[in-house]
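# Overview (structure and organization)
This is what each chain is made of:
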Amino acid sequence: MRKARTHATIWIILAAALLVGCAQPATGSDDLAARPIRVVATTGMVGDLVRNVGGERVEVITLMGPGVDPHLYKASADDVVQLQRADIIFYNGLHLEAAMSEVFERMQSRRRTVAVTGGIPRENLLPSDQYDNQFDPHVWFDVALWRQTVDYVRDALIDLDPSHASIYRTNAESYGRQLEELHAYVQSQAALVPAEQRVLVTAHDAFRYFGRAYGFEVHGLQGVSTVVEAGAADVQQLADFIATRRIPAIFVETSVPQRTLAAVQSAVRARGFEVRIGGELFSDALGDPGTPEGEYSGMVRHNIDTIVTALRGDG
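Not measured: the values here are computed from a predicted model.

## As for the overall build of the protein
Each helix and strand in the protein was counted, giving eleven helices and eight strands. For the protein, the residues scored as buried account for 51% of the 315 residues in total. A separation threshold of at least 6 residues defines the contact pool for the protein, and within that pool the share at least 24 residues apart is 71%. Carbon together with sulfur atoms contributes 50% to the accessible area of the protein, which is approximately 14000 Å² in total.

As structure tokens, then:
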């Protein structure tokens, strides 16, 4: 209870600080036309999206770096400063950022805040299997679905900075084509795995959109959110499934402690079957800046290549 009250207090203070900052006069479009737009993005995926659409017109600060779990993220004092200085804030939405999403929603009338998933029709979203009346937020694992966020970001930047609309339109069109090619690549790689072998077991249930888009049966030890930890019964149930189906490989995630799947691996071994760790996948965060996995397209390619290699037994 004390932890919950502390968490709520942090967000009350954050919301108050932001709302006070938002009371300042809004930046005019003439001022923005003469300088880059200051953008704050919550996750690496969102930040990479805005950089590709905004190009040289944006300076993007990403709050959550490599290996950070957005489900559990808590804002720092520096985050509050960055949010106050931002001309516009982009976040994933669909409760990926937990309490932060609620703060951003309340800020909308005073500060430009954009949930990039607002560009995706609700009928294309998967319902959460963990929370009632909510959607699974991990939409970026379906590249074609993530493509729908591009035009939404483009329109938000044009609304903020109309004098550079042509730049945003050109960048969005170019990046959209890149994502279409990326989607085709994932499809072609997935097809290399026989349909009956397309079973993806991960630390938490972040890959349901991936499974729907590319024909994989997906199982996560934890649910859509890592806030709720897996129990002993969850470990045993998943171990039964893996041993019965003789799944050759399971996958750890960069933003989830590896001990969760180590317990599963041990439980499977106790059932007389050996399942190996097929590799490390990027789920809720990108890789290190300057590496291929530090960008969305590189992260997606790393994931599908790792999955296909492990499930085919090529590694």
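## Some points on the packing of aromatic side chains
Given two aromatic rings, one states the distance between the centres and the angle between the planes to describe the pair. Counting across every chain of the model gives eight aromatic pairs. Judged by centre distance (5.4 Å) and plane angle (55 degrees), the rings of Phe 210 and Tyr 214 are tilted. Pair noted here: Phe 210 and Tyr 214 are both in helix α8 (residues 208-214), with a separation of four residues, about one helical turn. Ring centres of Phe 210 and Phe 216 lie 5.0 Å apart, and the angle between their planes is 40 degrees; on these two criteria the pair is classed as tilted. Of the two residues examined, Phe 210 and Phe 216, each falls in the buried class. An aromatic cluster is defined as three or more aromatic residues linked by ring pairs; in this entry it consists of Trp 140, Phe 141, Trp 146, Phe 207, Phe 210, Tyr 214, Phe 216 and Tyr 296. Taking the ring centre of Tyr 185 as reference, the NZ or CZ of Arg 301 above it sits at 4.3 Å.

## A word on the pairing of strand β1 (residues 37-41)
In terms of residue burial, β1 counts as a mostly covered element, since four of its five residues are buried. Summarising the sheet, β1 and strand β2 (residues 58-62) pair through five bridges and their orientation is parallel. Looking at the pairing, Val 40 lines up with Ile 61 of β2. Taken together, β1, helix α3 (residues 44-54) and β2 constitute a β-α-β crossover, and its handedness is right-handed. Examined bridge by bridge, β1 and strand β3 (residues 88-91) share three bridges and lie parallel to one another. Paired with Val 40 across the bridge in β3 is Ile 89.

## Comments concerning the pattern of salt bridges
If you walk through the whole model with that rule in mind, you get 13 salt bridges. Across the pair Arg 271 and Asp 240 runs a salt bridge whose closest N-O atoms are separated by 2.5 Å. Of this pair, Arg 271 sits in the loop between α10 (259-269) and β8 (276-281) while Asp 240 sits in helix α9 (residues 232-245); the two residues are 31 residues apart in sequence, bridging distant segments of the chain. Owing to a relative accessible area of 32%, Arg 271 belongs among the partly exposed residues under this scheme. Salt bridges sharing common partners tie together Arg 147, Asp 151, Arg 154, Asp 155 and Glu 180.

## Comments concerning empty space enclosed by the protein
Here the structure, examined in full by the defined rule, presents one cavity of 30 Å³ or more. Empty space within the largest cavity amounts to approximately 70 Å³. Together, Trp 140, Phe 141, Val 143, Val 186, Phe 210, Tyr 214, Met 299, Val 300, Asn 303 and Ile 304 line the largest cavity. If you list the elements that add at least two residues to the lining of the largest cavity, you get α8 and α11 (296-312). With four residues, α11 is the largest single contributor of residues to the lining of the largest cavity. Within the lining of the largest cavity, the residues separate by chemical class into nine nonpolar, one polar and no charged.

## Concerning the nonpolar core
Counting residues in each nonpolar core, the largest one holds 62 residues, and the members touching the most others are Phe 90, Trp 146, Phe 210 and Tyr 296. Among all residues touching Phe 90, those that are not within four sequence positions of it are Val 39, Val 40, Ala 41, Thr 42, Val 46, Val 50, Val 114, Val 116, Val 153, Ala 156 and Leu 157. Of all hydrophobic cores here, the second largest spans 20 residues; its members include Val 201, Ala 239, Ile 247 and Val 268.

Rules used in this analysis
- Residues numbered from 1 in each chain as written.
- Predicted model: local features only at pLDDT ≥ 70, side-chain atom pairs only at ≥ 80, totals over all residues.
- Heavy atoms only, no water.
- Helix = DSSP H or I, 4+ residues; strand = E, 2+ residues; numbered from the N terminus.
- Buried < 20%, exposed > 50% of the residue type's maximum accessible area, 1.4 Å probe, protein only.
- Contact = heavy atoms within 4.5 Å.
- Areas by Shrake-Rupley, 256 points an atom, 1.4 Å probe, with all protein chains shown as cover.
- Phe/Tyr/Trp six-rings, centres within 6.5 Å; stacked < 30°, edge-to-face > 60°.
- Lys NZ or Arg CZ within 6 Å of the ring centre and 35° of its normal.
- Pairing = 2+ DSSP bridges.
- Right-handed = clockwise from strand over helix to strand, strands pointing away.
- Salt bridge = Lys/Arg side-chain N within 4 Å of Asp/Glu carboxyl O.
- 1 Å grid on protein atoms, 1.4 Å probe; cavity = no way out; pocket = protein on both sides within 12 Å on 5 of 7 lines; lining within 4 Å.
- Points joined across faces, edges and corners; volume = space filled by probe spheres on them.
- Nonpolar A, V, L, I, M, F, W, Y, C, P; charged D, E, K, R; others polar.
- Core = buried A, V, L, I, M, F, W, Y, C linked by side-chain atoms within 4.5 Å.

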